[in-house]
Amino acid sequence: MRLHWKEEHMSTLRPAKVRKTKYGTYLVEYFSPDNRRRRVSAGDDEQIARRMAVRFTDWLMEGKDPEKEIDRARQAEQARLVTLRDFYPVFMDRHGRYQSQPMQELYSIFFRNIDRLSSISDVPMADITGGMVSDYMDNRINTDGVKPATVNREASFIRCVLNLALRRNIIIKNPLQGFKMLRENNKRELQVPPDRVLALLEHLPGSVANIVEFAIYTGFRLKNILTLKLSQVRIHESDETGEVDLYVKGGRWETKPLKLEAIAVIRRAMVGRQEGYVFISPKSGTRYTTVRKTFNRAVRKLELKTIAGDPLCFHDLRRIFATWLQEGGAGIQDINYFLGHRSLATTQRYITIDHKVMGQRLNALPSLRKSTG
């Protein structure tokens, strides 16, 4: 049936012709598939005009409109020249705006870092290679001193942008599909005994000390703590237990039990109030947007550092929480639940194992066989 149509179409097909104008230029004349007579300027080179006529005839044999094919080729060529910098606003409009606010902020940070290197931000996306991205990652590590985890996330961002460009037919393949990321070692080893944590609390203003103490007793992320409202907290007066509803990373609500000491911190922070945020700034009368500057100043003064020598950061309080839980006998599943991780491997990176303590625990294991002497 298709061959019959093709033969019938071939019998009615009128090839494109070249005509010279009185001005010495050439036109290619043809009848479109809907039988409209069309003329397209072919310049002043006869050979180019004749090659164009042959190409037009080929398109007509395929049932295509030559002018539409020319427009499509022109658009494809323009799209081929689109760079990461050009495409970023489109990416944010078509993909980024559907992500959470923290993710949008991360995208903005990633793009600013990438945009500083014209060797990748100004290159047409169709010409980007895995080698270019590898060079970018090496440059970031060697020049800016960032860690592999950071450049891996930026490379993933580039891959995400290219995926959208692929779906919009701007590129014909994603060069980062299957791209091998750098090996990461994100574990921060900590040894911060309770007396050092107590010293930290004593060096902080009372309202900020409450936030830090609450973080250690709960393992909550800073954003969850600063945005925590009294309406999310339930304290049972009968037995002094309680729980809190958290909107956790990943976009879901979870209910977490509260340690007695955490409840005491909430009571201390909410004196005289029944609504609003749990932790408020005495200066502004509303919640803190961040406490990192105050926290980092106290950390520097006390010289609190990781085993590798990096200054303690607020997120390390989650690691202290996890390590103390583990030292108290909690299993990895319990710690995973309190931290809200989806992966046990992620939780494992939060625990610093004290081999001396672990060795002492081995003494509690029963002897399976008596010594034969």
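It should be noted that the structure appears before, not after, this text.
Bear in mind that the values here come from a model prediction, so they are computed numbers and not experimental data.

Each value, and the rule that gives it
Residues numbered from 1 in each chain as written. Predicted model: local features only at pLDDT ≥ 70, side-chain atom pairs only at ≥ 80, totals over all residues. Heavy atoms only, no water. Pairing = 2+ DSSP bridges. Helix = DSSP H or I, 4+ residues; strand = E, 2+ residues; numbered from the N terminus. Axes fitted to C-alpha atoms, helices over the stretch in contact; angles between N-to-C directions. Contact = heavy atoms within 4.5 Å. 1 Å grid on protein atoms, 1.4 Å probe; cavity = no way out; pocket = protein on both sides within 12 Å on 5 of 7 lines; lining within 4 Å. Points joined across faces, edges and corners; volume = space filled by probe spheres on them. Nonpolar A, V, L, I, M, F, W, Y, C, P; charged D, E, K, R; others polar.

Peer 1: Help me understand the sheet that holds strand β2 (residues 26-31), please; the structure alone is not making it clear to me.
Peer 2: By definition, the strands of a sheet pair up through backbone hydrogen bonds, in either a parallel or an antiparallel sense. Ordered by their spatial adjacency, 3 strands build an open sheet running β1-β2-β3, and the pairing between neighbours is antiparallel. Taken across any chain shown, the strands that pair with only one partner, and hence form the sheet edges, are β1 (17-20) and β3 (37-41). Strand-to-strand twist across the sheet, computed as the mean angle between neighbouring axes with direction ignored, equals 30 degrees. With respect to the sheet, helix α2 (residues 46-61) is in contact with β1, β2 and β3, its orientation differing from that of β2 by roughly 15 degrees.

Peer 1: How do you make sense of empty space enclosed by the protein when you look at a structure like this?
Peer 2: The method is simple in principle: a probe with the dimensions of a water molecule rolls over the atoms, and the space it marks as empty is what remains. Enumeration according to the criterion identifies 2 cavities of 30 Å³ or more in this entry. Estimates place the volume of the largest cavity at around 50 Å³. Along the walls of the largest cavity sit Gly219, Phe220, Arg221, Asn224, Leu246, Val248, Lys256, Arg318, Phe338, Leu339 and Gly340, which together make up its complete lining. Secondary-structure elements contributing two or more residues to the lining of the largest cavity are β5 (241-248) and α15 (332-339). Residue composition of the lining of the largest cavity, grouped by class: 5 nonpolar, 3 polar and 3 charged. Its boundaries defined by the atoms lining it, the second largest cavity holds a volume of some 40 Å³. Looking at the second largest cavity, the residues that line it are Leu84, Tyr88, Phe111, Ile114, Phe157 and Val161. Elements that contribute at least two residues to the lining of the second largest cavity include exactly α4 (84-94), α5 (101-115) and α8 (148-167).

Peer 1: Help me understand the pairing of strand β4 (residues 233-236) in this model?
Peer 2: Taken residue by residue, a regular strand's side chains alternate between the two faces of the sheet. Direction of pairing for β4 relative to β5: antiparallel, over a ladder of 4 bridges. In the sheet register, Arg234 faces β5, and the bridge partner there is Glu243.

Peer 1: What am I meant to see in the layout of surface pockets here?
Peer 2: Counted as a void, the second largest pocket has a volume near 350 Å³. Along the wall of the second largest pocket there are 17 residues; nearest its centre are Ile216, Tyr217, Thr218, Lys259 and Phe321. Listing elements by their share of the lining of the second largest pocket, those giving two or more residues are α9 (194-202), α10 (206-218), β6 (252-257) and α14 (316-327).

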